[in-house]
Every structure is written in C-alpha cells, then in structure tokens.
Amino acid sequence: MVRWEWGTITGARRSWPGAARLQLMLDGEEQPVTAMAYPQLTGTPQPGERVLVNTNALRRGLGTGGEALVVARPQALEPGVEPAGHMVKARYTPMQTMVDAIDDPSSPHYEVLQAAEDLEAVPVVACDLHSSLPAIVAGIRAEAPGARIVHVHTDGAALPAAYSATASGLCEAGLMEATISAGQSFGGALEAVTTHSALLGARHVARADVVIAVQGPGNLGTGTGWGFSGLQAAEALHAAAVLGGRPVAALRVSGADARPRHRGLSHHSSTTYGRATLAPVLLPLLDPTAPEYSWFHASVSEQVNTTIIEEASARGVHHERSEVSPAGLQDALRGLPVRLSTMGRTLEEDPEAFLYAALAGRCAAALIPRP
C-alpha cells in the first residue's frame, strides 16, 4: 500500500545535486515536515505549490528515508529531457524513468563497453553499509592520494543515487570521480544496466584506479540470517572476480552497536563473505603489530577466522587475510569533508566501524596496478 497525502511547499531545506529537500505543510497538520523531490523525476517544486506525496516512510517514523516523497506536481507538469536511448530504471513502477546508460546502443560509450574485456586487475572494494563509503575513500587517499576512485551505486537500498549526500559531497570535493548507478538504481553521473557493466564502465569510461561497490543509504535488515540487503556485496565481489578485478571485502565491525549480532564482527559480514561469497577475496584486518591493537581487534580477527575463512574454506573458497597498518587513518577520517555516521553513531562513538572500512580502502590502494 502507498499512503497518499496532499501538501503545500513552504520553503527549501539543505539540498544537493539531484536531490531537492523541501519544507512541506501536509493538509490538516500544524507543523511542517521534510519532503524529498528528485528533479530527474518531477522537477523542483516551488514555495506555494501543491504536491502529492507518498508518506509511507514518514508516518512509520523510519530513520533513513523517513521523509515525504514528492510524487506529482499537478500545477506544474514539466516535460523533462528525453534520453536518446531506451533504458528504463525503476521498471514497471509508477515512477519508472528513462536514462542514458553507458551500455545502451545510443550511448557514446557503447563501443568502449562492447570492447571491454576485463577490469585489468583494478581493485574493487565491496561493503555492506553505505556509511562505509567515505571511510573507504579516506583509506584509499591515505595510501594513494592521486588515485581515481569511482563509486558503483548498487540497487539494494535507496534506488535514487542522488539520495546520497555523502557521495555527492565526495564528488564535489574531488575525492571521487563519479557515481555510476547500476541495476534498478538511477541518477548517477553515469548509468549502467548491471553491476558488471557498471564495473567495466568505472574502469574503461571513468578510468578508475579503484572501484567501491556499495548499496545506497537505507540498508534493510530483518534480524534473520539471510534477510538483509547488504548481502548484495557478495554479488559485487563475484562480478569483480569474473571480470578480472581484485575483490576486497570491507568488514562490518562495531565496538558500540547494542545488538550482539553486530558487536565485533557483524553477522552480516560473516554470512556474506563466509557463506554467500563464491570467489576468493581479500579480508583487511588491523595489523597486530600496530600500537592500537587490543583484545577487541584480536577478537575480530578470531571471528574472521572461524566465521568467514573456515566457513568458506569448507566450501572450497579460500579467502586471504590482509593485515593493514592503521597509521594516519584517524587523521584521514577526521579530515573528510562529509559527515561520518553509521546507524546514528559518529566517528567518536564507534571508531572501529570506520577504521575497518578505512583499512579496506588502504588495502585496495596497495593493489592498484602500476604502469
């Protein structure tokens, strides 16, 4: 079911390219709420304009995405720009949208994608949570300041790539080259039909030295063993492996999560890399000779051994540990131009969550093929 409501735009709130956040007064309410509009779909509503919104997430009080979503602007139906190709994203939903995909025959990149054979040993980092993205970037930059980093936005969570203020901020600051929206996701600087073609586009169109593949904000979890959208990281690692990339699996770790299944090494990482991943990957861990090494990191290392490496090995998949130095990573994390937050916790509140993502970034940067 969709909960439809009418409202009037009363002002603007903090926005970024591709995402217009607005102040909205819903009919019958006394306090304004936040509404999100995607100019690619609806154009940008103006103050005083009546709009039709979807309030499912707002009324449920969801954290990520808990806003009204602008669906229609009856007073200002804008024609939009017709793409040259025929690719449709968010297919067969009322908001399906036409895009210019790099693998569409009408694309100027089509011949490049037709000729692309593999990733040329480029490292691909896959992770569970979108909040790991800036920390991975920080780790890459700490090791290889000039690396070209391309983000592949998969379709496990937020389908509009523009919803990520984090990715937008990293690109605006020059820390990432571009976002490619893959599968049913849309709105990246480049579009691709599959994760595989997005990875090839990252290398052969955007000239990536490192690729980060991750779902958008809004990871869906159920508390069951297999019911979480971050499981999609296994698919990205498989794609990297079959295309000749270097798969790196960022570990989801927390020292502050109140839920036992996510304390230390998250069961999401154990399941994704230990039970669902069918190709060998690198697992970045804190170097045990580092001054920061403690019983907590030793415990994570043991969890990785028993729930990932041994589990996968029993199935004939032989992952490798990569012990990575944390030197300078805290400064790199603090120096990011975007806010670090995971499940509402900051860098100060849950430093391990961001440290392990940064270790994955540094591990991947060390794998960049040298000319």
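Structure shown above.
Here's a quick rundown of the structure. What you see is a predicted model; the values in this text were computed from it and never measured.

Quick notes on the rules
Residues numbered from 1 in each chain as written. Predicted model: local features only at pLDDT ≥ 70, side-chain atom pairs only at ≥ 80, totals over all residues. Heavy atoms only, no water. Helix = DSSP H or I, 4+ residues; strand = E, 2+ residues; numbered from the N terminus. Expected span 1.5 Å × (residues − 1). Bend = angle between axes of the 7 residues up to and from the residue. Buried < 20%, exposed > 50% of the residue type's maximum accessible area, 1.4 Å probe, protein only. Contact = heavy atoms within 4.5 Å. Pairing = 2+ DSSP bridges. Axes fitted to C-alpha atoms, helices over the stretch in contact; angles between N-to-C directions. Parallel < 35°, antiparallel > 145°, perpendicular 65-115°, else oblique. Nonpolar A, V, L, I, M, F, W, Y, C, P; charged D, E, K, R; others polar.

## Here we look at helix H9 (residues 295-314)
With 20 residues, H9 extends 27 Å from end C-alpha to end C-alpha; this agrees with the ideal 28 Å at 1.5 Å per step. Asn 305 marks the point of greatest bend in H9, at about 35°. By the burial criterion, the buried members of H9 are Phe 296, His 297, Val 300, Ser 301, Val 304, Ile 308, Ile 309 and Ala 312. On its buried face, H9 sits against strand E14 (253-254), strand E15 (264-265), helix H8 (267-276), strand E16 (282-286), strand E17 (320-324) and helix H11 (351-365). Positive backbone phi, at 90°, marks Gly 316, one or two positions downstream of H9.

## Describing the sheet that holds strand E1 (residues 4-12)
One closed barrel holds the 5 strands; their spatial order is E1-E2-E3-E5-E4, and the pairing between them is mixed. Mean inter-strand twist for the sheet, computed between neighbouring axes without regard to direction, equals 55°. Alignment of strand E3 (residues 33-37) against strand E5 (residues 68-72), held across 2 bridges, turns out to be parallel. From the neighbouring strand, Met 36 faces E5, where its bridge partner is Leu 69.

## Details of the packing of helix H4 (residues 133-143) against helix H5 (residues 165-172)
Between H4 and H5, the shortest axis-to-axis distance is 10 Å and the interhelical angle comes to 25°. The angle between H4 and H5 places the two elements in the roughly parallel class. Only Thr 166, Ala 167 and Leu 170 of H5 make contact with H4, whose side of the interface consists of Leu 133, Pro 134 and Val 137. A per-class count over the contact of H4 with H5 returns 5 nonpolar, 1 polar and no charged.

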